Amino acid sequence: MPQPLTDPPVRLKVEHLTRAFGGSPVVNDVSLEVAPGQVTCLLGPSGCGKSTTLRMIAGVERPDSGRIAIDGRIVCEGSLFLPPEARSVGLMFQDFALFPHLTVAQNVAFGLRGPREEKMRRVDDLLERVNLSGYGPKHPHQLSGGEQQRVALARALAPRPRVMLMDEPFSGLDNRLRDGIRDTTLEILKEEGAAVLLVTHEPDEALRMGDEIALMRAGRIVQRGSPYNVYNAPVDRAAAAFFSDVN
Ligand code: ADP
Ligand code: MG
(Lines give C-alpha, C1' and ligand atoms only; values in the text may rest on other atoms or scores of the structure.)
(Ligands and ions follow the chains in the order given, each with its own letter.)
Protein backbone atom coordinates (compact mmCIF):
# COMPACT_ATOMS: atom_id res chain seq x y z
CA MET A 1 0.00 0.00 0.00
CA PRO A 2 1.40 3.42 -0.83
CA GLN A 3 2.49 5.40 2.17
CA PRO A 4 0.99 8.86 2.61
CA LEU A 5 3.40 11.64 1.74
CA THR A 6 4.70 13.46 4.77
CA ASP A 7 6.91 16.50 5.05
CA PRO A 8 10.47 15.75 6.13
CA PRO A 9 10.88 16.49 9.83
CA VAL A 10 12.04 20.00 10.59
CA ARG A 11 13.67 20.63 13.94
CA LEU A 12 14.54 24.29 13.49
CA LYS A 13 12.50 26.57 11.28
CA VAL A 14 13.44 30.21 10.78
CA GLU A 15 11.19 32.46 8.70
CA HIS A 16 11.82 35.97 7.45
CA LEU A 17 14.10 36.97 10.29
CA THR A 18 15.10 40.63 10.17
CA ARG A 19 17.12 42.84 12.48
CA ALA A 20 18.46 46.36 11.96
CA PHE A 21 20.93 48.36 13.99
CA GLY A 22 20.67 52.12 13.62
CA GLY A 23 18.37 51.92 10.62
CA SER A 24 20.33 49.55 8.39
CA PRO A 25 19.37 45.87 8.39
CA VAL A 26 22.22 43.51 9.27
CA VAL A 27 19.96 40.46 8.99
CA ASN A 28 17.52 40.80 6.14
CA ASP A 29 14.68 38.34 5.59
CA VAL A 30 16.62 35.21 6.53
CA SER A 31 14.77 31.89 6.29
CA LEU A 32 16.18 28.41 6.84
CA GLU A 33 15.32 24.96 8.17
CA VAL A 34 17.43 22.31 9.81
CA ALA A 35 16.37 18.67 10.23
CA PRO A 36 17.36 16.45 13.18
CA GLY A 37 20.86 15.06 12.74
CA GLN A 38 21.62 17.59 10.03
CA VAL A 39 24.41 20.16 10.04
CA THR A 40 23.68 23.40 8.22
CA CYS A 41 26.61 25.77 7.86
CA LEU A 42 25.81 29.46 7.77
CA LEU A 43 28.77 30.66 5.74
CA GLY A 44 29.78 34.17 4.80
CA PRO A 45 32.40 36.89 5.18
CA SER A 46 32.96 38.73 8.41
CA GLY A 47 30.24 41.27 9.17
CA CYS A 48 27.54 39.73 6.97
CA GLY A 49 25.18 39.05 9.90
CA LYS A 50 25.89 35.42 10.82
CA SER A 51 26.34 35.93 14.56
CA THR A 52 23.31 38.21 14.82
CA THR A 53 21.23 35.50 13.13
CA LEU A 54 22.51 32.87 15.55
CA ARG A 55 21.98 35.12 18.55
CA MET A 56 18.34 35.65 17.62
CA ILE A 57 17.82 31.88 17.32
CA ALA A 58 19.55 31.40 20.67
CA GLY A 59 17.23 33.95 22.28
CA VAL A 60 19.85 36.49 23.31
CA GLU A 61 18.92 39.04 20.63
CA ARG A 62 15.44 40.15 19.64
CA PRO A 63 14.51 40.25 15.96
CA ASP A 64 12.57 43.19 14.54
CA SER A 65 10.39 40.71 12.71
CA GLY A 66 10.20 37.10 11.67
CA ARG A 67 9.44 33.79 13.30
CA ILE A 68 11.47 30.99 14.88
CA ALA A 69 10.06 27.54 15.68
CA ILE A 70 11.76 24.57 17.33
CA ASP A 71 10.02 21.20 16.96
CA GLY A 72 7.00 23.00 15.59
CA ARG A 73 6.70 25.17 18.70
CA ILE A 74 7.03 28.90 18.11
CA VAL A 75 9.72 30.35 20.37
CA CYS A 76 9.79 33.81 18.84
CA GLU A 77 7.19 35.81 16.95
CA GLY A 78 5.92 39.33 17.55
CA SER A 79 5.83 39.95 21.28
CA LEU A 80 6.46 36.26 22.05
CA PHE A 81 10.14 35.81 22.90
CA LEU A 82 11.20 32.77 24.92
CA PRO A 83 14.51 33.06 26.79
CA PRO A 84 17.42 30.76 25.82
CA GLU A 85 16.77 28.27 28.64
CA ALA A 86 13.21 27.69 27.39
CA ARG A 87 14.27 26.93 23.80
CA SER A 88 16.25 23.68 24.18
CA VAL A 89 19.26 25.11 22.41
CA GLY A 90 22.89 24.22 23.07
CA LEU A 91 25.38 27.02 22.58
CA MET A 92 29.01 26.90 21.64
CA PHE A 93 30.40 30.33 20.97
CA GLN A 94 33.95 31.43 20.31
CA ASP A 95 34.09 33.48 23.49
CA PHE A 96 31.86 31.23 25.56
CA ALA A 97 34.52 30.07 28.02
CA LEU A 98 34.35 27.29 30.58
CA PHE A 99 33.74 28.28 34.18
CA PRO A 100 37.30 28.54 35.53
CA HIS A 101 36.41 27.83 39.17
CA LEU A 102 34.56 24.59 38.36
CA THR A 103 36.11 21.24 37.51
CA VAL A 104 35.74 19.72 34.08
CA ALA A 105 33.03 17.37 35.39
CA GLN A 106 31.17 20.25 37.07
CA ASN A 107 31.36 22.26 33.86
CA VAL A 108 29.83 19.42 31.84
CA ALA A 109 27.16 18.79 34.51
CA PHE A 110 26.28 22.48 34.75
CA GLY A 111 23.06 22.44 32.71
CA LEU A 112 21.91 19.02 33.94
CA ARG A 113 18.99 18.42 36.25
CA GLY A 114 17.93 15.22 37.98
CA PRO A 115 19.46 12.52 40.17
CA ARG A 116 23.20 12.75 40.83
CA GLU A 117 23.89 9.21 39.63
CA GLU A 118 22.27 9.87 36.28
CA LYS A 119 24.13 13.16 35.83
CA MET A 120 27.46 11.49 36.60
CA ARG A 121 26.75 8.77 34.03
CA ARG A 122 25.99 11.37 31.39
CA VAL A 123 29.15 13.35 32.26
CA ASP A 124 31.36 10.24 32.16
CA ASP A 125 29.83 9.12 28.87
CA LEU A 126 30.39 12.50 27.22
CA LEU A 127 33.94 12.88 28.53
CA GLU A 128 34.75 9.45 27.15
CA ARG A 129 33.34 10.38 23.75
CA VAL A 130 35.41 13.56 23.54
CA ASN A 131 38.46 11.47 24.54
CA LEU A 132 38.82 13.09 27.95
CA SER A 133 38.12 10.16 30.26
CA GLY A 134 39.72 10.82 33.61
CA TYR A 135 39.79 14.59 33.13
CA GLY A 136 36.70 15.16 35.31
CA PRO A 137 38.54 16.38 38.44
CA LYS A 138 40.87 18.76 36.56
CA HIS A 139 40.31 22.48 36.23
CA PRO A 140 40.07 24.25 32.85
CA HIS A 141 43.44 26.02 33.22
CA GLN A 142 45.14 22.61 33.35
CA LEU A 143 43.87 21.80 29.85
CA SER A 144 45.09 22.77 26.40
CA GLY A 145 42.93 24.93 24.12
CA GLY A 146 41.80 21.90 22.15
CA GLU A 147 40.90 20.00 25.31
CA GLN A 148 38.93 22.97 26.64
CA GLN A 149 37.05 23.10 23.37
CA ARG A 150 36.09 19.45 23.70
CA VAL A 151 34.85 20.08 27.24
CA ALA A 152 32.78 22.99 25.92
CA LEU A 153 31.24 20.64 23.36
CA ALA A 154 30.43 18.06 26.05
CA ARG A 155 28.90 20.79 28.23
CA ALA A 156 26.73 22.10 25.40
CA LEU A 157 25.48 18.62 24.50
CA ALA A 158 24.94 17.35 28.05
CA PRO A 159 21.27 18.42 28.40
CA ARG A 160 20.49 16.88 24.98
CA PRO A 161 19.49 20.13 23.24
CA ARG A 162 17.12 19.84 20.31
CA VAL A 163 19.13 22.44 18.43
CA MET A 164 22.86 23.08 18.64
CA LEU A 165 24.12 26.55 17.74
CA MET A 166 27.84 26.96 17.10
CA ASP A 167 29.51 30.26 16.27
CA GLU A 168 33.00 29.83 14.82
CA PRO A 169 33.75 27.25 17.50
CA PHE A 170 37.12 26.26 16.09
CA SER A 171 38.55 29.64 15.15
CA GLY A 172 40.64 29.99 18.31
CA LEU A 173 42.45 26.70 17.68
CA ASP A 174 45.65 26.29 15.74
CA ASN A 175 45.56 24.60 12.38
CA ARG A 176 47.33 21.50 13.61
CA LEU A 177 44.45 20.64 15.96
CA ARG A 178 41.54 21.91 13.98
CA ASP A 179 40.89 19.06 11.55
CA GLY A 180 40.91 16.45 14.28
CA ILE A 181 38.55 18.41 16.49
CA ARG A 182 36.22 19.12 13.59
CA ASP A 183 35.98 15.40 12.88
CA THR A 184 35.43 14.43 16.52
CA THR A 185 32.82 17.15 16.89
CA LEU A 186 30.95 16.09 13.79
CA GLU A 187 30.91 12.46 14.90
CA ILE A 188 29.44 13.34 18.31
CA LEU A 189 26.91 15.77 16.86
CA LYS A 190 25.68 13.03 14.52
CA GLU A 191 25.41 10.51 17.36
CA GLU A 192 23.45 12.98 19.49
CA GLY A 193 21.08 13.80 16.65
CA ALA A 194 20.63 17.50 17.32
CA ALA A 195 19.85 19.88 14.48
CA VAL A 196 23.05 21.87 14.11
CA LEU A 197 23.52 25.39 12.81
CA LEU A 198 27.21 26.11 12.52
CA VAL A 199 28.44 29.59 11.70
CA THR A 200 31.75 30.00 9.91
CA HIS A 201 33.54 32.41 7.59
CA GLU A 202 35.77 29.61 6.27
CA PRO A 203 34.57 27.87 3.10
CA ASP A 204 36.69 24.77 3.74
CA GLU A 205 35.10 24.31 7.16
CA ALA A 206 31.58 24.55 5.70
CA LEU A 207 32.46 22.17 2.88
CA ARG A 208 33.93 19.71 5.34
CA MET A 209 31.21 19.82 7.99
CA GLY A 210 27.97 20.83 6.38
CA ASP A 211 25.18 18.63 5.04
CA GLU A 212 23.86 21.91 3.73
CA ILE A 213 25.43 25.32 3.22
CA ALA A 214 23.52 28.58 3.50
CA LEU A 215 25.68 31.25 1.92
CA MET A 216 25.14 34.67 3.45
CA ARG A 217 26.12 38.09 2.17
CA ALA A 218 25.20 41.53 3.49
CA GLY A 219 22.42 40.19 5.69
CA ARG A 220 20.80 37.92 3.14
CA ILE A 221 21.03 34.24 2.31
CA VAL A 222 22.04 34.26 -1.35
CA GLN A 223 22.30 30.50 -1.91
CA ARG A 224 21.36 27.27 -0.16
CA GLY A 225 22.36 23.79 -1.18
CA SER A 226 24.59 20.80 -0.65
CA PRO A 227 28.33 21.53 -0.34
CA TYR A 228 28.76 19.92 -3.75
CA ASN A 229 26.23 22.19 -5.40
CA VAL A 230 27.26 25.38 -3.68
CA TYR A 231 30.90 24.75 -4.55
CA ASN A 232 30.37 23.60 -8.12
CA ALA A 233 27.48 25.84 -9.10
CA PRO A 234 28.04 29.17 -7.33
CA VAL A 235 25.12 31.54 -7.66
CA ASP A 236 27.22 34.43 -8.98
CA ARG A 237 30.78 35.68 -9.44
CA ALA A 238 31.10 36.86 -5.85
CA ALA A 239 30.12 33.41 -4.59
CA ALA A 240 32.62 31.81 -6.94
CA ALA A 241 35.35 34.17 -5.74
CA PHE A 242 34.50 33.38 -2.13
CA PHE A 243 35.19 29.68 -2.75
CA SER A 244 38.18 30.22 -5.01
CA ASP A 245 40.77 29.91 -2.24
CA VAL A 246 39.66 26.42 -1.30
CA ASN A 247 41.90 23.67 -2.59
P1 ADP B 1 29.25 38.22 11.41
O2 ADP B 1 29.00 37.30 12.55
O3 ADP B 1 28.82 37.68 10.09
O4 ADP B 1 30.68 38.67 11.36
P5 ADP B 1 27.58 40.07 12.90
O6 ADP B 1 26.23 39.47 12.95
O7 ADP B 1 28.42 39.97 14.12
O8 ADP B 1 28.36 39.53 11.62
O9 ADP B 1 27.44 41.62 12.58
C10 ADP B 1 26.78 42.10 11.42
C11 ADP B 1 26.81 43.60 11.43
O12 ADP B 1 25.99 44.08 12.49
C13 ADP B 1 28.18 44.21 11.66
O14 ADP B 1 28.33 45.32 10.84
C15 ADP B 1 28.16 44.58 13.10
O16 ADP B 1 29.02 45.65 13.36
C17 ADP B 1 26.71 44.95 13.32
N18 ADP B 1 26.25 44.72 14.70
C19 ADP B 1 26.19 43.53 15.33
N20 ADP B 1 25.71 43.66 16.58
C21 ADP B 1 25.47 44.98 16.74
C22 ADP B 1 24.97 45.77 17.84
N23 ADP B 1 24.59 45.23 18.99
N24 ADP B 1 24.87 47.11 17.63
C25 ADP B 1 25.22 47.67 16.46
N26 ADP B 1 25.70 46.98 15.41
C27 ADP B 1 25.83 45.67 15.54
MG1 MG C 1 30.40 36.51 13.94
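Located above this text is the structure these notes cover.
Residues numbered from 1 in each chain as written. Chains lettered and ligands numbered in written order. Predicted model: local features only at pLDDT ≥ 70, side-chain atom pairs only at ≥ 80, totals over all residues.

**Let's talk about the pairing of strand β4 (residues 65–70)**
Where strand β1 (residues 12–21) meets β4, five bridges bridge the pair, whose relative direction is antiparallel. Counterpart to glutamate 15 in the pairing with β4 is arginine 67. Where β4 folds back onto strand β5 (residues 73–77) in an antiparallel hairpin, the turn is made up of two residues, including aspartate 71, whose phi is positive at roughly 55°. (Pairing = 2+ DSSP bridges. Helix = DSSP H or I, 4+ residues; strand = E, 2+ residues; numbered from the N terminus.)

**What about helix α5 (residues 175–192)?**
Each full turn of the α-helix corresponds to 3.6 residues, which orients residues three or four apart in the same direction. Along its 18 residues, α5 runs 26 Å from first to last C-alpha, staying within 8% of the 26 Å computed at 1.5 Å per residue. Where α5 is concerned, the buried positions are Thr185, Leu189 and Glu192. Buried residues along α5 sit in contact with β3 (39–43), α4 (145–157), β8 (163–167) and β9 (195–200). Two residues or fewer past α5, glycine 193 is found with a positive phi of approximately 80°. (Expected span 1.5 Å × (residues − 1). Buried ≥ 20, exposed ≤ 12 C-beta atoms within 10 Å, placed from the backbone. Contact = placed C-beta atoms within 7 Å.)

**With respect to the sheet that holds β3**
Spatial strand order, β7-β8-β9-β3-β10-β11: six strands in an open sheet with mixed pairing. Both outer strands of the open sheet, β7 (89–93) and β11 (220–225), are each paired with one neighbouring strand and no more. The average undirected angle you get between the axes of adjacent strands in this sheet is 15°. Pairing of β7 with β8, which is carried by five bridges, proceeds in the parallel orientation. Across the sheet, residue phenylalanine 93 finds its bridge partner in β8, namely aspartate 167. Sitting on the sheet, α4 touches β7 and β8, and the angle it makes with β7 is about 165°. (Axes fitted to C-alpha atoms, helices over the stretch in contact; angles between N-to-C directions.)

**Structural notes on the nonpolar core**
Ranked by size, the top nonpolar core spans 59 residues in total, and within it Val108, Ala154, Leu165, Val196 and Leu197 carry the most contacts. The leading source of residues in this core is α4, at six residues. Aside from chain neighbours lying at most four places away, what touches valine 108 is Val123, Leu126, Leu127, Val151, Ala154, Arg155 and Ala158. (Core = buried A, V, L, I, M, F, W, Y, C linked by C-beta atoms within 7 Å.)

**Considerations on the sheet that holds β1**
Neighbouring strands of a sheet are bound in pairs by backbone hydrogen bonds; such pairs are parallel or else antiparallel. Here we have five strands laid out as an open sheet, ordered β2-β1-β4-β5-β6, and antiparallel in their pairing. Only two strands of the sheet have a single neighbouring strand rather than two, namely β2 (24–34) and β6 (80–81). In the sheet, β4 pairs with β5 via four bridges, with the strands oriented antiparallel. Paired with isoleucine 68 across the bridge in β5 is cysteine 76. Packing against the sheet, helix α1 (residues 50–58) makes contact with β1, β2 and β4, and its axis sits at approximately 120° to β1.

**Details of the site of ligand 1**
Taken together, Phe21, Val26, Gly44, Ser46, Gly47, Cys48, Gly49, Lys50, Ser51 and Thr52 make up all the residues around ligand 1. Looking at the shell around ligand 1 element by element, the count peaks at three residues for α1. (Near = placed C-beta within 6 Å.)

**Section: unusual backbone geometry**
We note that serine 88 has phi near 55°; this positive angle belongs to a residue other than glycine. Assignment of secondary structure puts serine 88 in the loop between β6 and β7. Note on serine 88: 18 C-beta atoms within 10 Å, which makes it partly exposed. Backbone geometry places asparagine 131, a non-glycine residue, at a positive phi of 60°. Mapped onto the elements of the fold, asparagine 131 is located in the loop between α3 (116–129) and α4. We classify asparagine 131 as exposed; it has 11 C-beta atoms within 10 Å.

**Notes on the environment of proline 25**
The topology assignment puts proline 25 in strand β2. For proline 25, a count of 16 C-beta atoms within 10 Å translates into the label partly exposed. Placed 203 residues apart in sequence, proline 25 and tyrosine 228 show a C-alpha to C-alpha distance of 30 Å. Residues in contact with proline 25, not counting those within four places in the same chain, are Thr18, Arg19, Ala20 and Gly219.

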